[in-house]
Amino acid sequence: MKRLNWKGALLRPQFAALAAVLFINWLLFPGFFDITWQDGRLFGSVIDVLNRGAPVAILAIGMTAVIATKGVDLSVGAVMAIAGAVAAVMVTSGSPAIVAVAAALAVGLLCGLWNGVLVTYLEIQPIIATLVLMVAGRGLAQLVTEGSIVTFSDPVLIFIGTGAFLGMPMPVVIAVCLMLLATLAVRRTALGLLIEAVGVNRSAARFAGISSGVLLLVVYTFCGFCAATAGLIVAGDIRGADANNAGLWLELDAILAVVIGGTSLLGGRFSIPMSVVGALIIQAMNTGILISGFSPEFNLVVKSGVIILILVLQSPLVSQWVSARTTALPVRGPKRKPL
Amino acid sequence: MNIIKKFALVAGMGALLSSAAYADGLQGKVIGFSQIGSESGWRAAETSVTKAEAAELGIDLKFADAQQKQENQIKAIRGFIAQGVDAILIAPVVATGWDEVLTEAKEANIPVVLLDRGVDAPEDLYLTSVASDQVKEGAVAGQWLISTVGDKPCKVVEIEGTVGSSPAINRKKGFDEAVAAVPTITIVRSQTGEFTRSKGKEVMEGFIKAENGGKDICAVYAHNDDMAVGAIQAIKDAGLKPGTDILVVSIDSVPDIFSAMVAGEANASVELTPNMAGPAFAALDAYLNNGTIPPKFIITESKLYTPADDPQGEYDRRKGLGY
């Protein structure tokens with residue numbers, strides 16, 4: 001196993017982008033990095049970035065694995081809504097919270113398995129296969145909640161969304177744990193290598209003896225599990241399941257986070273922690289816009305401008321140009337061959 | 001002046017004719033209702049209130065759910081015309097593209113009443129439209145704030161609806177214009193919460209951080225109750241008391257805002273009544289039985305609810321409506 005090159009890792013454009021966004025936030029609002037202790041938890045804008053970024057980060061963890069297999073899962077937002085709806089309806093009808101949480105996660109696993117079966121055994125293209133659940137899933141969630149926002153007062157569910165552990169908000173704790181577990185699972189075992197192999201060339205991987213079908217099932221099911229976890233968090237956060245809006249368009253934020261994190265949509269090489277950094281960049285931008293005092297008409301323009309900038313910085317053309325200019329620094333990756 | 005006279009005339013005629021009109025009433029009339037779908041809790045409440053009103057008046061209501069698609073609405077309306085219904089109610093999903101099907105209804109002599117949203121079509125193609133005045137809703141909320149804080153300085157944060165949507169534009173306009181008249185009340189921040197609880201909460205968290213931990217904020221105005229409910233949670237998380245430290249005023253009057261009022265965490269909500277069908281049926285009654293042409297735009301009342309208005313009772317009344 002290769003040692004992690006921390007210096008090299010921290011020089012990646014994603015960290016530079018995150019630092020830049022945070023710095024701009026600080027310029028716009030000097031109290032941005034202030035953190036205080038309030039009611040047994042940390043309280044401040046940076047904590048908000050982590051806390052609000054957690055659901056997308058969790059989605060991005062599952063999405064990274066799927067995208068690494070050259071797939072995509074558009075249904076994660078809808079699965080969030082379903083999981084939240086199931087948990088909320090169960091606790092309001094008297095089930096214990098543990099059972100409701102387990103049921104919501106199980107439903108997430110099932111949704112993921114459904115996607116996996118469509119992709120693996122029916123060989124439907126992932127974007128279409130998961131589109132089915134993206135559209136139908138929200139309808140399912142509305143069926144479960146009967147169209148209204150189901151509010152609950154169950155302390156366990158509320159704790160998942162708004163509680164704190166050692167001063168950190170629960171969503172952050174959950175996201176960090178999931179990130180560490182997933183990263184260990186793919187990097188300390190051969191799993192990551194197998195996923196990359198399937199992503200680069202599924203047939204070749206199969207000929208090399210990898211049971212790519214099972215692997216794809218596992219990856220999509222894991223993505224469904226992540227989505228259900230995120231769904232529980234957003235439901236707990238507002239103490240209610242909002243089937244119309246929970247997770248709406250978050251699949252796009254999750255895909256964006258993965259892409260910003262440097263994982264290619266064409267499959268292959270991937271990095272779960274970098275996808276989480278991607279999610280944090282998106283959220284740092286959202287929080288920055290909220291506290292900056294810009295008029296809301298500019299929100300999307302500012303966001304798209306920053307994202308284009310980040311993607312340009314990461315593009316092969318710019319990195320080649322940078323490496324050509326900074327010959328003093330050790331160059332990572334292939335050098336451009338002289339013509 | 002002219003319009004007021006017309007209104008007065010219609011109102012007077014309505015009052016004179018009401019006893020006679022209700023003798024025939026709409027008993028046994030067949031009325032088609034093309035509803036948008038179940039996009040929100042308010043929409044579900046509108047559907048159930050319409051059905052209840054129709055049942056009370058003895059109307060045979062043909063209900064069609066369009067699942068947020070205009071083509072389904074047009075199909076449903078053509079179906080109503082083919083069945084030869086006595087009248088049609090439409091809650092139009094979009095403003096454009098209605099001319100043709102409305103002309104077909106007009107040629108079949110079936111009066112059409114638009115509910116809660118307008119259309120871009122010649123006015124002679126429909127009998128009347130029943131809707132709330134969204135600018136006035138914002139103004140009522142603003143007036144409440146002015147009368148509550150008096151001449152004390154007050155920094156207000158505003159949580160807007162979805163950018164570009166007509167309720168967001170109009171509710172902002174009404175409120176901003178009302179409080180602009182009082183120099184001590186200033187709107188210090190305004191951002192979109194997209195009409196959802198979670199965005200409302202997130203936006204309020206940001207506002208609290210940006211305004212000295214929330215200590216500088218005197219009131220929050222949210223364009224709908226759901227965002228206010230989210231904001232209330234953000235205020236509580238920041239260690240402040242919603243309703244006392246920060247006043248909470250919003251629009252819609254959904255059940256959950258009344259439970260917040262019971263808990264002392266919300267101060268005022270302007271009602272967007274789900275009963276658009278009541279005035280529509282009254283207008284149809286007068287038209288079908290007496291030939292009375294109603295005014296082109298019937299504006300529903302924007303009633304203000306505060307904790308003094310029996311919030312528990314209001315909650316119980318609304319809970320079963322499907323909000």
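Only a predicted model underlies this, so the values are computations on that prediction, with no experimental measurement involved.

Enquirer: How would you summarise the overall build of chain A if you had to cite specific residues and measurements?
Expert: For chain A, the helix and strand inventory stands at 15 helices and 6 strands. The C-alpha atoms of chain A give 21 Å as radius of gyration, which agrees with the globular expectation for 339 residues (20 Å, within 12%). In terms of principal-axis extent, the alpha carbons of chain A reach across some 70 × 55 × 40 Å. Taken over 339 residues, chain A has a buried fraction of 51%. The long-range share in chain A, meaning contacts at least 24 apart out of those at least 6 apart in sequence, stands at 78%.

Enquirer: Report on the overall build of chain B, specifying residues and quantitative values.
Expert: Summing up its helical and strand segments, chain B has 11 helices and 12 strands in all. Expected size for 323 residues packed as a compact globule is a radius of gyration near 20 Å; at 21 Å, chain B falls within 12% of this value. In terms of its C-alpha atoms, chain B occupies a principal-axis envelope of roughly 65 × 40 × 35 Å. Expressed as a percentage of the 323 residues in chain B, the buried residues total 52%. A separation threshold of at least 6 residues defines the contact pool for chain B, and within that pool the share at least 24 residues apart is 75%.

Enquirer: Mind laying out the domain arrangement of chain A, listing which residues take part and the relevant values?
Expert: All names here are of chain A. What the domain assignment reports for chain A is domain 1 (49-293) and domain 2 (299-325). Tallying the contact residues gives 6 residues for domain 1 and 7 residues for domain 2. Contributing elements (two or more residues each) for the side of domain 1 that touches domain 2: helix H12 (250-260) and helix H13 (272-292). For the side of domain 1 that touches domain 2, the leading source of residues is H13, giving 3 residues. Split into classes, the residues belonging to the side of domain 1 that touches domain 2 amount to 5 nonpolar, 1 polar and no charged.

Enquirer: Quick rundown of the sheet that holds strand S11 (residues 297-299) of chain B? Include the residues and the values.
Expert: Backbone-to-backbone hydrogen bonds join strands into a sheet, with any given pair of strands oriented parallel or antiparallel. Residue and element names in this part refer to chain B. The sheet built from 6 strands is open, its strands ordered S2-S1-S3-S4-S5-S11 with parallel pairing. Of all strands in the sheet, those with a lone pairing partner are strand S2 (60-65) and S11, marking the two edges. Adjacent strand axes in the sheet meet at a mean angle of 20°, parallel and antiparallel pairs treated alike. Looking at chain direction, strand S1 (residues 30-35) and S2 are connected through 6 bridges and run parallel. Bridging from a neighbouring strand, Val30 pairs with Asp60 of S2.

Enquirer: Can you break down the confidence of the model for chain A residue by residue, with the values?
Expert: Of all residues in chain A, 93% have pLDDT values of 70 or greater, and the mean over the chain is 91. Taken together, the stretch residues 335-339 of chain A has pLDDT below 50 and engages in 3 contacts with residues farther than four places along the chain or on a different chain.

Enquirer: Give a detailed account of the interface of chain B and chain A, specifying residues and quantitative values.
Expert: Residue-level contacts link 27 residues of chain B with 28 residues of chain A. When residues of the side of chain B that touches chain A are assigned to their parent elements, the largest contribution, 9 residues, is made by helix H7 (residues 197-210) of chain B. When its residues are assigned to classes, the side of chain B that touches chain A shows 5 nonpolar, 12 polar and 10 charged.

Enquirer: Which residues make up the sheet that holds strand S9 (residues 247-252) of chain B, and what values go with them?
Expert: Residue and element names in this part refer to chain B. Ordered by their spatial adjacency, 6 strands build an open sheet running S7-S6-S8-S9-S10-S12, and the pairing between neighbours is mixed. Two strands in the sheet have a free side with no partner beyond their single neighbour: strand S7 (185-192) and strand S12 (304-305). The pairing of strand S6 (residues 154-160) with strand S8 (residues 219-222) spans 4 bridges and is classified as parallel. Bridging from a neighbouring strand, Glu158 pairs with Tyr221 of S8. On top of the sheet, helix H5 (residues 134-149) reaches S6, S7, S8, S9, strand S10 (268-271) and S12; it is set at about 160° to S9, its chief contact. The strands that helix H6 (residues 166-180) touches are S6, S7, S8 and S9; relative to S6, the one it contacts most, it runs at about 170°.

Enquirer: Give me the lowdown on the confidence of the model for chain B, citing residues and values where you can.
Expert: Residue and element names in this part refer to chain B. Residue-level pLDDT values for chain B average 90, and 93% of them are 70 or greater. For chain B, helix H1 (residues 2-24) is the element with the lowest average pLDDT, namely 47, and S8 is the one with the highest, namely 98. Taken together, the stretch residues 8-23 has pLDDT below 50 and engages in 11 contacts with residues farther than four places along the chain or on a different chain. Note on the complex model: pTM 0.87, ipTM 0.89.

Enquirer: Can you tell me about helix H11 (residues 212-238) of chain A, naming the residues and giving the values?
Expert: Residue and element names in this part refer to chain A. With 27 residues, H11 should reach 39 Å at 1.5 Å per residue; the first-to-last C-alpha distance of 40 Å fits that figure. Judged by how many residues are buried, H11 sits mostly within the fold: 23 of 27 residues are covered. Downstream of H11 by a residue or two, Arg239 has a phi angle that is positive, lying close to 55°.

Enquirer: Could you give me a rundown of the packing of helix H8 (residues 225-237) of chain B against helix H9 (residues 255-262) of chain B, with the residues and numbers involved?
Expert: Residue and element names in this part refer to chain B. Axis separation between H8 and H9 bottoms out at 9 Å; the angle between their running directions is 35°. The handedness of the crossing between H8 and H9 comes out as left-handed. Contact residues: H8 offers Asp225, Ala228, Val229 and Ile232, while H9 offers Asp256, Ile257 and Ala260. Of the residues in the contact of H8 with H9, the class split is 5 nonpolar, no polar and 2 charged.

Enquirer: Go over the pairing of S8(B) with me, naming the residues and quoting the values.
Expert: Side-chain direction in a regular strand flips from residue to residue, so the side chains alternate between the two faces of the sheet. Residue and element names in this part refer to chain B. Because side chains alternate across S8, one face comprises the buried residues Ala219 and Tyr221, and the other comprises Val220 and Ala222, equally buried. Where S8 meets S9, 4 bridges bridge the pair, whose relative direction is parallel. Bridging from a neighbouring strand, Val220 pairs with Val248 of S9. Regarding the hand of the β-α-β motif, the stretch spanning S8, H8 and S9 is right-handed.

Enquirer: How would you explain helix H8 (residues 170-187) of chain A if you had to name every residue and give the values?
Expert: For H8(A), spanning 18 residues, the distance from its first C-alpha to its last is 25 Å, which sits close to the expected 26 Å at 1.5 Å a residue. Looking only at H8(A), the buried set comprises A:Met170, A:Pro171, A:Val172, A:Ile174, A:Ala175, A:Leu178, A:Ala182 and A:Val186.

Enquirer: Any details on the domain arrangement of chain B? Residues and values, ideally.
Expert: All names here are of chain B. Each assigned domain of chain B is listed with its residue range as follows: domain 1 (2-132 + 273-292) and domain 2 (134-272 + 308-315). Computed from C-alpha coordinates alone, the two centres of domain 1 and domain 2 are separated by 33 Å. Contacts between the two partners involve 4 residues from domain 1 and, on the opposite side, 6 residues from domain 2. Taken together, the residues of the side of domain 1 that touches domain 2 break down into 1 nonpolar, 3 polar and no charged.

Enquirer: Which residues make up the packing of H5(B) against H6(B), and what are the values?
Expert: Each packed pair of helices is defined by two parameters, the angle between the axes and the distance between the axes. Residue and element names in this part refer to chain B. Between H5 and H6, whose axes approach to 7 Å, the crossing angle comes to 35°. Between H5 and H6 lies a crossing of right-handed hand. Of H6, the residues touching H5 (which contributes Gln134, Val135, Lys136, Glu137, Gly138, Ala139, Ala141, Gly142, Gln143, Leu145 and Ile146) are Ser166, Pro167, Asn170, Arg171, Lys172, Lys173, Gly174, Phe175, Glu177, Ala178 and Val179. Taken together, the residues that form the contact of H5 with H6 break down as 9 nonpolar, 7 polar and 6 charged.

Enquirer: Explain the environment of B:Ala308 to me, and be specific about the residues and the numbers.
Expert: By the element assignment, B:Ala308 lies in the loop between S12 and helix H11 (311-319). Each C-alpha atom of the pair B:Ala308 and B:Val262 lies 9.8 Å from the other, and the pair is 46 residues apart in sequence.

Enquirer: I'd love a proper account of unusual backbone geometry, names of residues and values included.
Expert: Residue and element names in this part refer to chain A. At Lys70, a residue that is not glycine, the phi angle is positive and equals roughly 70°. Within the secondary structure layout, Lys70 lies in the loop between helix H3 (45-68) and helix H4 (76-92). Residue classification places Lys70 among the partly exposed positions, given that 18 C-beta atoms sit within 10 Å.

Conventions adopted
- Note that residues are indexed from 1 along each chain, following the sequence as it is written.
- Each chain is given a letter, starting from A, and each ligand a number, starting from 1, according to the order in which they appear as written.
- Local features in this predicted model are restricted to residues of pLDDT 70 or higher, and side-chain atom pairs are both shown and tallied only at a pLDDT of 80 or more, whereas totals for entire chains, interfaces and linings draw on every residue.
- Runs of H or I in DSSP of at least four residues are treated as helices and runs of E of at least two as strands, each being numbered from the N terminus.
- Note on method: radius of gyration uses C-alpha positions; expected globular size equals 2.2 Å times residues raised to 0.38.
- To sort residues by exposure, count the other C-beta atoms lying within 10 Å of each residue's C-beta; 20 or more gives buried, 12 or fewer gives exposed, and values between give partly exposed, all with C-beta atoms placed from the backbone.
- Residues are defined as contacting one another if the C-beta atoms placed from their backbone atoms lie within 7 Å.
- All domain edges in this entry derive from an automatic or database-based domain assignment.
- Residues are grouped as follows: Ala, Val, Leu, Ile, Met, Phe, Trp, Tyr, Cys and Pro are nonpolar; Asp, Glu, Lys and Arg are charged; all remaining types, including Gly, are polar.
- DSSP calls a pair of strands paired once it identifies at least 2 bridges connecting them.
- Each axis is a line fitted through C-alpha atoms, and for a helix only the stretch in contact is used; angles between axes span 0 to 180 degrees, taken between their N-to-C directions.
- Scored from 0 to 100, pLDDT reflects the predictor's confidence in each residue.
- Multiplying one less than the number of residues by 1.5 Å gives the expected span of a helix.
- Helix crossings are classified by the rotation of the near helix relative to the far one: an anticlockwise turn of less than a right angle makes the crossing left-handed, while a clockwise turn makes it right-handed.
- When the strands point away from the viewer and the connection leading from the first strand across the helix to the second strand turns clockwise, the crossover is called right-handed.

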